[in-house]
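Residues per chain are reported as follows:
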Amino acid sequence: ERTLSIIKPDAVKSGYVKSINSMIKNSGLKIIKKKNLTLTKEQAAQFYSIHSDKPFFNELCIFMTSGPIIVQILEGENAVDLYRKIMGATNPSDAEENTIRKEFATSIQENAVHGSDSKENAIKEINFFFKE
């Protein structure tokens, strides 16, 4: 199974990429493709269009275009669920110990990483960044 991981601008800027990727690899997931990029406003709006009616949408787009991100395809057994478990709760203060967000996130918005929330979305999200 495959899932998408985004290491967000806050974590890239803070130098947490290696540590986050170590946590990913230690969980048994493989990073099979990787891309460094900075999202345009259009790409961010398109990628997060599911949230376009939410009050935080504009802030999210501004944040996600504020610096470089790392997008990765992760592969492994139950990759979607496993990565969501490793990420931890969206709000870092609710995240369990030894999760990415507990270790590296500073707020609900600056929460270090994104991961697909379902197998269906994983396919869509991977195709968004890695059109084959």
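Just above sits the structure.
We now turn to the structure provided with this report. None of the values given here were measured: they were computed from a predicted structure. (Residues numbered from 1 in each chain as written. Predicted model: local features only at pLDDT ≥ 70, side-chain atom pairs only at ≥ 80, totals over all residues. Heavy atoms only, no water.)

### Focus: helix α4 (residues 57-64)
By the burial criterion, the buried members of α4 are F57, L60, C61, F63 and M64. All buried residues of α4 project into a common sector of 165° when viewed along the axis, lining one side. Counted as exposed and oriented over 90 degrees from the buried face of α4: N58, E59 and I62. As for α4, its buried residues are in contact with β1 (2-7), α1 (9-13), α3 (41-47) and β3 (69-75). (Buried < 20%, exposed > 50% of the residue type's maximum accessible area, 1.4 Å probe, protein only. Helix = DSSP H or I, 4+ residues; strand = E, 2+ residues; numbered from the N terminus. Arc of directions from axis to C-beta. Contact = heavy atoms within 4.5 Å.)

### Quick notes on the packing of aromatic side chains
With the rule as written, the count across this model stands at five aromatic pairs. Where F47 meets Y48, the ring centres are 4.9 Å apart and the plane angle is 85°; that geometry is what we call edge-to-face. For F47, a relative accessible area of 11% gives the class buried. Centroid distance F47 to F129: 5.1 Å. Interplanar angle 50°. Geometry classified as tilted. Of this pair, F47 sits in helix α3 while F129 is found in helix α7 (residues 119-129), placing the two residues 82 residues apart along the sequence. Take F129: its relative accessible area is 7%, and that puts it in the buried class. Grouped by ring-pair contacts, the aromatic residues F47, Y48, F128 and F129 constitute a single cluster. Positioned above the aromatic ring of F130, the side-chain terminus of K35 is 4.8 Å from the ring centre. (Phe/Tyr/Trp six-rings, centres within 6.5 Å; stacked < 30°, edge-to-face > 60°. Lys NZ or Arg CZ within 6 Å of the ring centre and 35° of its normal.)

### A look at the sheet that holds β3
Spatial ordering of the open sheet is given by β2-β3-β1-β4, a layout of four strands whose pairing is antiparallel. Looking along the sheet, the strands with just one partner apiece sit at the ends: β2 (30-37) and β4 (113-115). With direction set aside, neighbouring strand axes in the sheet form an average angle of 20°. The pairing of β2 with β3 spans seven bridges and is classified as antiparallel. Bridging across to β3, K33 finds its partner in I73. With respect to the sheet, α7 is in contact with β1, β2, β3 and β4, its orientation differing from that of β1 by roughly 55°. (Pairing = 2+ DSSP bridges. Axes fitted to C-alpha atoms, helices over the stretch in contact; angles between N-to-C directions.)

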